[in-house]
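An overview of the molecular structure
Here is how the chains run, residue by residue.
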Amino acid sequence: MSAALSPLLEINELVVHFKVYGGVLKVLDGVQFKVYAGEKVGLVGETGCGKTTTMKAILRILPMPPAHLPRGEIFFKGEDLLKMRSSQLSRVRGRGISMIFQDPTAALNPVFTVGQQLEPVIRYALPANRNLSREQIRQKAVIPLKEVALADPERLLDSYPVQLSGGMRQRVCIGMALATDPELLIADEPGTSLDVTIQDQVLRLLHDLVENKSTSVILITHTLGVVRQMTDRVYVMYAGNMVEVAPTKKLFANPRHPYTQGLMQAVPKLTGGGIAAGIPGRLPSYLNPPTGCRFHTRCPHVMDICHREKPPFFKVEADHEVACFLYDQNAQAPPKEASPS
Amino acid sequence: MSDDILVVCDLKKHFVVGHLGLVNREPITVKAVDGVSFGVREGETLGLVGESGSGKSTIAYMTVGMYQPSSGAMSFKGRDLFVNGPKRPLALRKEIQIVFQDPGSSLNPRRTIQQILELPLRLHQPSKDPLEEVVRLLDMVELPPEYMQKYPQMLSGGEKQIVASARALATNPSLVILDEPTSALDVSVQGKIINLLIRLQREFNLTYLFITHDLSLMRNVASRVAIMYLGKICEIAETSEFFSRPQHPYTQMLLSSIPVVSEEEERARPAKVISTGEIPSPVNVPPGCSFHLRCPYVMEVCKQVDPGMISISEGHTVRCHLFTEAGQ
Amino acid sequence: MAELADVRRDAPTTFTVQQIKQLQRESRRENLGRAWYKFSRNVLSVVGLTTVVLLTLLAMFAPFVAPYPKHAGPFTDFANAKIPPSWEHPFGTDQIGRDILSRSIFGLGSSLLMGVVVLALVVPPGVLLGLVAGYFQGTWTDTLIMRTTDIFLAVPPLVLALAVASVLEPNLFNGMLAVSLMWWPWYTRLVYGLASVLRNEYFVTAAEITGASTAHILFREILPNTLSPIFTKMSLDMAWVIIIGSMLSFVGLGEQPPKPSLGTMVADGARYLPDQWWIAIFPALTIVVVVLGFNLLGDGLRDMLAAEGV
């Protein structure tokens, strides 16, 4: 990853609010996020922390009432996606940026065959294919299915999703997403609904595919083990803010943010050691979020300033940043060394 | 074993899901559970591991009375569980309870927590004041009493599972089946639930049948582990033995596939066994050893003869021809 | 998700019955507030609600509100017949000299009454049959109930109503009976579909495992989850019953003259179109307004009772 190159995707100070009964849910609170070409970035966080909201904001698929975006910019290859008109957006969606969802069964339409869902993607995503005959499109449709290692792709094109297993459906979704050669793939919990051995196969496949095509990937998950296996760099998210970002190896060897440390400790280990108590408390309400740092109500190292001000990113190393006042070089207290799990 | 609270003997459950052909009408059977035998000691936590189609949930549902077995027997504290068929007596129902996997659908969204917890109390302890008992139950699981008139959708996933656990414990059972209790929850909440369950186990001398696919969790929770594949048990052992010396190729495959978070754990795993192919459905159970289609060590005998459970050391049994005489 | 601070274990664990009741009242209030918020987001739903409430009040207090209550009975005044809409008679008078506004208000009353009575007759048995058939899906009970339902549904509704109404003496009550006989299967069908899916939910299984009685499962576990489609359908059905009732009285099989009925008024007034248009049009408009009101109310109810979700 070269800092000199500009990022493929850059999110700046993104704020997203939802209007509901009782007030406004201030979900995203100034999200910063960068993805460079060819890298695999993980986004880790609990259910409800805002990961999916951020991704939906990128693709502009948030339901606009009740959601609204008071501030923020999302740059993709230099253009602000939030300011684009829908005609321009349709160039980006599916072609520049593609997405795989968590539940492949819900992502595929049960009343259409795989071919009926894949062929339009091939036809409309690439302008060169607009005027090809049905036969030609069908031949092209076989290619992504072969790439995702599905046996007998011809027969698969005529099968209905219900005839396929969970792993096969997920592969079909991956094939569809990569059929258009996107520059950025967003994968939202791609293995969660699958069995362990199948999840392993699917993740390996994804890994190989993006390596070959040098597609950038944003991998969203709440499973730390998957992130460790699959990504180059990781963002940790909590309650609508990014709290830590580092190359994967460094994050796992030495997590700095108290939340990240809490998460690492909470994961049960194959080598034994019992079950940790987890992080006390629960995710704060978005209606009345805590002042200052949103994690301060649950933080074992909370200080005065945490109640008052929201911490910006502090660099602990050139590529490892933490949004926590413990790491403020200008403050008196020395930063606490994390205890590796 | 004399202190086995639950004894399962050659249990089978076959579902007929359709018929083949117009004339012969051959039944299409799903052999969900195909000859399972094990015992559960009082006070222990027996872990049951397996992927889809392994039959672990079917065993759980039979234990709790949802299904009747096709053949075989299951006895609880010496009493045959299925002697009355589907009409299991209340006294027996009280003893065996279950916590389901999906907290979202195991609590009725149109009933308050109070109403949900009152049902088992009314049925099994009619002499006590339900309101007081509900408060006591909530206190036992460390939830504030105000939660009584909340509806399930106002609770977080973790809290819903806590309520589901309280509901299971309301009848004062001896055996509780935990069907993937934390699979739908985040790891930060998981610890709270599991620790609560462990504390309650100690306090009330409960026996747990713990079903999960998360082997790292299993390692820290179960005292013994049984792994299932296509309706049969492949291996049972004490936990530390299971994880340090797994013998069955499927066990090794599973252990090597799980994502871990540290170098230490990587080293503790068996060498990588690449899993190929899909998980076959229990409709098409192959002859011989049900795992032979995916097994890296497959031999001729595996394709024809099903190995029985072989004991390889104290408390450690494996179903694999690598350990039978025929396989040597 | 409601927000609650992390309560420590040393919080008071003994709650008096008073305190519990207080908390219950507060939460009920909050639920009502949230329900109203969902309902009122669409202006038209509020319009529908207002319309229905106003019309109901109007009908209930008809003898006091109608300017010429006597015109709703046997009354003739040929000197003042066929007067177009004016200050004394905002809807005009009909061919016998009766005030159409007053008669419309009374006619509205009998239409609404028919709606209420029919639904009261139809909903409880229809829902009960649907619950039982749905819960015991696949058994003989299911087959028996649903095939009976199918038979009733197979007969064209108006034909059935007409057949029944013509066999019996024509009056308002028998008209209601006729409509009821062809209405109940729809509720059975609706609830059957819902119940047969709901019975596979884990919370029903949990109740079965604990040993709950079938009655408890049907009425306490399954029924509450079917209420929102039922209520929505009921309010839309009010509109339909009123129309069907009007059709029946249009052909002479409902409320008999001289008691006013909107359908009969339209029928009688039809021959005076287009010159004395008001004799038919105003009763027809009354039907339109009340039907529209119930439709809008029904839409609003559906929004209000829909599941939560951002």
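Quick summary incoming for the structure in this document. (Residues numbered from 1 in each chain as written. Chains lettered and ligands numbered in written order. Predicted model: local features only at pLDDT ≥ 70, side-chain atom pairs only at ≥ 80, totals over all residues.)

**What to know about the interface of chain A and chain B**
Interface size is commonly expressed as the accessible area that is lost once the parts come together. Each partner contributes to the interface: chain A provides 37 residues, whereas chain B provides 36 residues. For the side of chain A that touches chain B, the elements supplying multiple residues, two or more each, are helix H8 (196-213), helix H9 (224-230) and helix H11 (258-266) of chain A. Considered class by class, the residues forming the side of chain A that touches chain B number 15 nonpolar, 16 polar and 6 charged. (Contact = placed C-beta atoms within 7 Å. Helix = DSSP H or I, 4+ residues; strand = E, 2+ residues; numbered from the N terminus. Nonpolar A, V, L, I, M, F, W, Y, C, P; charged D, E, K, R; others polar.)

**Let's talk about the sheet that holds strand E5 (residues 79-80) of chain A**
All names here are of chain A. If you walk across this open sheet you meet the 4 strands as E2-E1-E4-E5, and the pairing is antiparallel. Edge strands, defined here as strands with exactly one partner in the open sheet, are strand E2 (23-35) and E5. Two strands pair when backbone bridges link them, and strand E1 (residues 9-20) and strand E4 (residues 67-76) are joined in this way by 7 bridges, in the antiparallel orientation. The partner of glutamate 10 across the bridge, within E4, is phenylalanine 75. (Pairing = 2+ DSSP bridges.)

**Details of unusual backbone geometry**
With an omega dihedral of -10°, the bond running from C:Leu273 to C:Pro274 counts as a cis peptide bond. Relative to the elements of secondary structure, C:Pro274 occurs in the loop between helix H11 (262-270) and helix H12 (278-305). In this model, A:Glu13 sits at a positive phi of 50°, which is unusual for a non-glycine residue. Inspection of the secondary structure puts A:Glu13 in strand E1.

**Some remarks on the environment of A:Arg282**
Residues and elements named next belong to chain A. Inspection of the secondary structure puts arginine 282 in the loop between H11 and helix H12 (304-308). What makes arginine 282 buried here is the crowd of 21 C-beta atoms within 10 Å. The sequence separation of arginine 282 and phenylalanine 295 amounts to 13 residues, and the corresponding C-alpha distance is 9.9 Å. (Buried ≥ 20, exposed ≤ 12 C-beta atoms within 10 Å, placed from the backbone.)

**Concerning the packing of helix H4 (residues 113-124) of chain B against helix H6 (residues 157-169) of chain B**
Residue and element names in this part refer to chain B. The interhelical angle for the contact between H4 and H6, taken along N-to-C directions, is 25°, at an axis separation of 8 Å. One way to sum up the angle between H4 and H6 is to call them roughly parallel. In this structure, H4 crosses over H6, and the sense of that crossing is right-handed. Contacts from Ile113, Ile116, Leu117 and Pro120 in H4 reach Val163, Ala166 and Arg167 in H6. For the contact of H4 with H6, the residue count by class is 6 nonpolar, no polar and 1 charged. (Axes fitted to C-alpha atoms, helices over the stretch in contact; angles between N-to-C directions. Parallel < 35°, antiparallel > 145°, perpendicular 65-115°, else oblique. Left-handed = near helix turned anticlockwise from the far one by under 90°.)

**With respect to the interface of chain C and chain A**
Counting from both sides, the interface comprises 5 residues of chain C and, opposite them, 10 residues of chain A. Split into classes, the residues belonging to the side of chain C that touches chain A amount to 2 nonpolar, no polar and 3 charged.

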